[in-house]
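Analysis of the macromolecular model
Single-letter residue listing:
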Amino acid sequence: MAAGGLSRSERKAAERVRRLREEQQRERLRQVCDDPEELRRKVRELAGAVRNAKYLVVYTGAGISTAASIPDYRGPNGVWTLLQKGRSVSAGDLSEAEPTLTHMSIARLHEQKLVQHVVSQNCDGLHLRSGLPRSAMSELHGNMYIEVCTACTPNREYVRVFDVTERTALHRHQTGRTCHKCGAQLRDTIVHFGERGTLGQPLNWEAATQAASKADTILCLGSSLKVLKKYPHLWCMTKPPSRRPKLYIVNLQWTPKDDWAALKLHGKCDDVMRLLMDELGLDIPHYSRWQDPIFSLATPLRAGEEGSHSRKLLCRSREEPGACGRGTPPSSAPVLGGWFGRGCTKRTKRKKAT
């Protein structure tokens, strides 16, 4: 055996460990679907938990937006999965995405006082556009439609009808526009991997931690929980296990919180929420662009700012002439940059020079 090297038996043992880890990773990525009857049974149990909850908080991940053609991260065609395979990542026109059945169901459950707060990891702004009040949600990783002036006290927000993150990336957040009040540079609200979110809004961490501390029930929808598990305040870990909230998880894949869950439902979020709303006897409101609150919240660009972006604008009607144009002439290039381009790529560790 060479000095500092491994013996044959040690190499074999290391290979076995490597293969075991690869098998565990494949198993965790594998999607599992409950058969229809089993899923209905579980949804009936979930409906009982929703009815009986004194303070229900919903945690949402990328899986609730896949029905809006926004890829998730760790699914078979997710961002991280494709990048690890060396394949390119592309997204459709994000301005075409609309709140899903799950988004609209959550908004109705809040309206009916069955859900008290929503904590989301998503940057797509679809909770806001579903009509969920801003006071009832914490967008922990930001919102692609919101830019802020941090020079103003309190921070001044600008809601836009386009993706403001076109020019931004990890540790580079200036959007190229300036505050109408003080003239300082505006920044996006996105929290990338490797960053710590410090903005008050739209992250709303204070409300998220308060809601978690009050919760007796937590419903996790479409999240791998690999990021959320790192936030101990969201799981009341300082409380004894018997006093922690009951946990219900809806996800097709394994999550690190499965063993803590009172119930795990293996199904698509829209399928589960459709069954749940039916079990609760509640109708699911249809999304209407005419009633999308983003249009009443939005601050229009000032004269001369029209060329500050090239993203397609949201419009109230798909047939509305001229209203869905871009800041600059349209390009046939795929959507790059911002939270879903450069921003969606994890920072990789550099290998040490030998």
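For every chain, the first residue of its written sequence is number 1, and the numbers climb from 1 along that sequence. Totals for whole chains, interfaces and linings use all residues, but because this is a predicted model, local features are given only for residues with pLDDT of at least 70 and pairs of side-chain atoms are given and counted only at 80 or more. As a convention, hydrogens and water are excluded, and side-chain values are obtained from all of the structure's heavy atoms.

So, on to the environment of L199. Counting from the N terminus, the helices are the DSSP runs of H or I reaching at least four residues and the strands are the DSSP runs of E reaching at least two. For L199, the location among the structural elements is in the loop between β7 (185–188) and α6 (205–214). In this structure the C-alpha to C-alpha distance between L199 and N155, which are 44 residues apart in sequence, comes to 8.4 Å. Any two residues whose heavy atoms approach within 4.5 Å are treated as being in contact. Dropping the residues within four chain positions of it, L199 is found in contact with V148, T150, N155, R187, D188 and T189.

Each salt bridge in this description consists of a side-chain nitrogen of Lys or Arg and a carboxyl oxygen of Asp or Glu lying within 4 Å of one another. Within this structure, the stated rule accounts for 17 salt bridges. Its salt-bridge partner being R108, residue D283 comes within 2.6 Å of it at the nearest N-O pair. With a gap of 175 residues between them, D283 in the loop between α7 (269–280) and α8 (294–297) and R108 in helix α4 (residues 101–111) connect regions that are remote in the sequence. On the accessibility criterion, R108 (14% relative accessible area) is buried. A simple rule labels every residue: compare its accessible area, found with a 1.4 Å probe on the protein chains alone, to the largest value its type can have, and call it buried under 20%, exposed over 50%, or partly exposed in between.

On to the sheet that holds strand β3 (residues 137–139). Strand order across the open sheet formed by 6 strands is β3-β2-β1-β8-β9-β10, with parallel pairing between neighbours. The sheet is open, and its two edges are formed by β3 and β10 (263–265), each paired on a single side. Looking at each pair of strands side by side, their axes are set apart by 15° on average, direction ignored. Strands are labelled as partners when DSSP assigns at least two bridges between them. The pairing of strand β8 (residues 217–221) with strand β9 (residues 246–250) spans 5 bridges and is classified as parallel. Counterpart to C220 in the pairing with β9 is I249. Angles here are taken between N-to-C directions and fall from 0 to 180 degrees, while the axes themselves are lines fitted to C-alpha atoms, restricted in helices to the stretch in contact. Sheet contacts for α6: β1 (56–60), β2 (117–120) and β3; angle to β2, the most-contacted strand, approximately 120°.

Each pair of packed helices gets described by two things: the angle between the helix axes and the distance between those axes. Interaxial distance between α4 and α7 falls to 9 Å at its minimum, and their mutual angle equals 35°. Like other packed secondary-structure pairs, α4 and α7 cross with a definite hand, here left-handed. Where α4 abuts α7, its residues L101, T102, S105, R108 and L109 lie against C269, D270, M273, R274, M277 and L280. Classes in brief: Ala, Val, Leu, Ile, Met, Phe, Trp, Tyr, Cys and Pro nonpolar; Asp, Glu, Lys and Arg charged; the others, Gly included, polar. Across the contact of α4 with α7, the residue classes tally to 6 nonpolar, 2 polar and 3 charged. Helix crossings are classified by the rotation of the near helix relative to the far one: an anticlockwise turn of less than a right angle makes the crossing left-handed, while a clockwise turn makes it right-handed.

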